[in-house]
Amino acid sequence: GNFLLADTSVMYSDGSEGSGWAFYGSLEHVAGPFSLFASYMHASEGFRDLAGNFGYTPITDQVIATGSVQLSRLGYFNLAYVGQREITGDESSVLSGTYGLDLFRNQVNLSVSGYTETIQNDWGVVVSITVPIGQRASAYAEHSWRNGILSSAATVRGDAFRDRLYWEISGQQGEFD
């Protein structure tokens, strides 16, 4: 089915840092295998949301846009953009995308994800695979590059004794956040 959802709100905050207003609006559209979402928020300098009340730098403008398409047996593709401006004037924006493919009746998943932080020229790519090991365990492996530096990780996890024991063995090589 198809649907379109619109959401708007006007917000007001009043606290020890002062008072302020914010406006938020979003649209979401789903049509068959396609979905799109976009939102925008603008806040005055005195507005504080929950993150601002916990000491994080308040945001005055934020844009979010996402899109995805399900390609049936050919996989799925997602793309997302987030941009924001803080009260200090600092800006950041991230563009990310993922392509994934399920093989062998959705038993094996291959995935390639990437991102770029467009203002600071930071980037990364992850190539991963997930495969089942019997009925109660799976293995995951990835190679990732962040600004050209290679890292690798692998995990085997599962459960036993009628879901009363969950176990995991993992290892990694290289730099991880």
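Our structure is the block above this text.
Residues numbered from 1 in each chain as written. Predicted model: local features only at pLDDT ≥ 70, side-chain atom pairs only at ≥ 80, totals over all residues. Heavy atoms only, no water.

(A) Up close: empty space enclosed by the protein. A complete count under the given rule lists one cavity of 30 Å³ or more for this structure. Approximately 40 Å³ is the volume attributed to the largest cavity. Around the largest cavity sit Met41, Phe47, Asp49, Pro58 and Ile59, which together line it. Taken together, the residues of the lining of the largest cavity sort by class into four nonpolar, no polar and one charged. (1 Å grid on protein atoms, 1.4 Å probe; cavity = no way out; pocket = protein on both sides within 12 Å on 5 of 7 lines; lining within 4 Å. Points joined across faces, edges and corners; volume = space filled by probe spheres on them. Nonpolar A, V, L, I, M, F, W, Y, C, P; charged D, E, K, R; others polar.)

(B) Here's a closer look at the side chain of serine 13. Position of serine 13 relative to the elements: it lies in strand S1 (residues 2–15). By relative accessible area, which is 11% here, serine 13 ends up buried. At 2.9 Å, the side chain of serine 13 and the backbone nitrogen of arginine 48 are in polar contact. (Helix = DSSP H or I, 4+ residues; strand = E, 2+ residues; numbered from the N terminus. Buried < 20%, exposed > 50% of the residue type's maximum accessible area, 1.4 Å probe, protein only. Polar contact = N/O pair within 3.5 Å; in protein donor to acceptor, adjacent residues only side chain to side chain.)

(C) Main features of the environment of serine 9. Summarising the element assignment, serine 9 is placed in strand S1. Sequence separation between serine 9 and serine 26 is 17 residues, and the spatial gap between their C-alpha atoms is 9.4 Å. Ignoring any residue separated from it by four or fewer positions in sequence, one finds serine 9 in contact with Ala22, Phe23 and Tyr24. (Contact = heavy atoms within 4.5 Å.)

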